[in-house]
Amino acid sequence: MPETPEMDEKCPQGFVDLLRVIPELHCDLRYAGPDNFTGAPVTGYTDPRPWLSEPAAQALAPVQEALLAMDLSLLILDAYRPARAVRHFLCWAGDGVEDAQLRQRFHPTLAKAELFTAGYLAPRSSHSRGSTVDLTLCAQGAGEDTLPMGTEFDFFGPASWPQALRIGLQERANRLLLQQLMLAHGFVQSPLEWWHFTLRNEPYPERYFDFPLGAEPAQPPSA
């Protein structure tokens with residue numbers, strides 16, 4: 001799906017590169033490559049670096065600090081998501097083509113066209129407001145060594161609900177650790193996805209941004 005340069009906008013001043021605010025983070029933006037439920041890179045992810053609103057980034061910093069004391073780290077899977085990426089998901093869901101392997105891996109009980117009606121995907125994503133982040137836990141020394149959480153990221157089904165019981169005790173403990181730290185620092189959790197958190201007092205609750213990752217930050221007006 002091609003980019004649309006004529007629609008590109010500058011990154012607003014209120015957004016920050018999360019890896020510059022919290023350099024110790026691990027990052028694996030899944031939609032920048034093919035390892036995601038669509039099986040392909042997603043429109044808008046031209047630069048695989050996570051961006052968030054500045055308040056969300058600052059709220060995330062003490063979560064990472066607490067984890068570092070346990071020799072753990074956050075692993076960022078998605079952060080700000082351009083609105084064009086959501087349009088990509090809508091086109092993907094409506095094209096009528098099912099990939100059997102991707103369906104078995106990510107949404108075995110739902111056709112991809114049902115993911116929006118079931119609430120796992122939204123035609124206007126909170127990610128596009130800039131204060132929602134998808135994340136998990138990993139060992140500080142190795143970003144690929146993620147802690148078991150009972151399902152992988154973007155598994156769309158009851159096993160991914162934060163309060164799911166049909167997972168192992170260690171997986172439940174790991175989810176609880178992530179949940180408690182995020183809620184203690186001002187985030188709220190999705191009822192459907194253990195990895196999905198939104199800043200409670202998000203600065204842009206009614207704005208849905210569409211600058212692609214890699215867009216140059218807007219410059220302050222000259223005096």
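The rules we used
Residues numbered from 1 in each chain as written. Predicted model: local features only at pLDDT ≥ 70, side-chain atom pairs only at ≥ 80, totals over all residues. Heavy atoms only, no water. Salt bridge = Lys/Arg side-chain N within 4 Å of Asp/Glu carboxyl O. Helix = DSSP H or I, 4+ residues; strand = E, 2+ residues; numbered from the N terminus. Buried < 20%, exposed > 50% of the residue type's maximum accessible area, 1.4 Å probe, protein only. Phe/Tyr/Trp six-rings, centres within 6.5 Å; stacked < 30°, edge-to-face > 60°. Disulfide = S-S within 2.5 Å. Polar contact = N/O pair within 3.5 Å; in protein donor to acceptor, adjacent residues only side chain to side chain.

Quick notes on the pattern of salt bridges
Once the charged atoms of two side chains with opposite charge are near each other, the side chains can pair. Under the criterion given, the structure shown has 13 salt bridges. With its nearest N and O atoms 3.2 Å apart, the salt bridge here joins R84 to D210. In this pair, R84 is assigned in helix 3 (residues 83–94) and D210 in the segment after strand 8 (196–199), connecting sequence segments 126 residues apart. Across the salt bridge formed by E202 and R129, the nearest N and O atoms sit 2.9 Å from each other. With E202 in the segment after strand 8 and R129 in the loop between helix 4 (100–106) and strand 5 (132–139), the pair connects residues that are 73 residues apart, well separated along the chain. The same class applies to E202 and to R129, which are both buried. Each of D28, R30, D35, R105 and E152 takes part in salt bridges that share partners, so that together they form one network.

What about the packing of aromatic side chains?
Geometry of an aromatic ring pair is reported as the spacing of the ring centres plus the angle between the planes. This model, assessed by the stated rule, comprises 17 aromatic pairs. Their ring planes at 75° and their centres at 5.0 Å tell us that F15 and F209 sit as a pair that is edge-to-face. With F15 in strand 1 (residues 15–17) and F209 in the segment after strand 8, this pair connects stretches of sequence that are 194 residues apart. Exposure class is identical for F15 and F209. Each is buried. Ring-pair connections join several aromatic residues into one group, and the members of that group are Y31, F37, Y45, F89, W92, Y120, F153, F156, W194 and W195.

Quick word on the state of the cysteines
Scanning the model with the defined rule gives zero disulfides in all. Lacking any disulfide linkage, C27 is separated from the closest cysteine sulfur, that of C138, by 11 Å. Overall, C27 belongs to the partly exposed group, its relative accessible area being 28%.

Considerations on the side chain of T43
Within the secondary structure, T43 is located in the loop between strand 2 (26–27) and strand 3 (51–53). The class of T43 is buried, set by a relative accessible area of 5%. At 3.0 Å, the side chain of T43 and the side chain of H88 are in polar contact.

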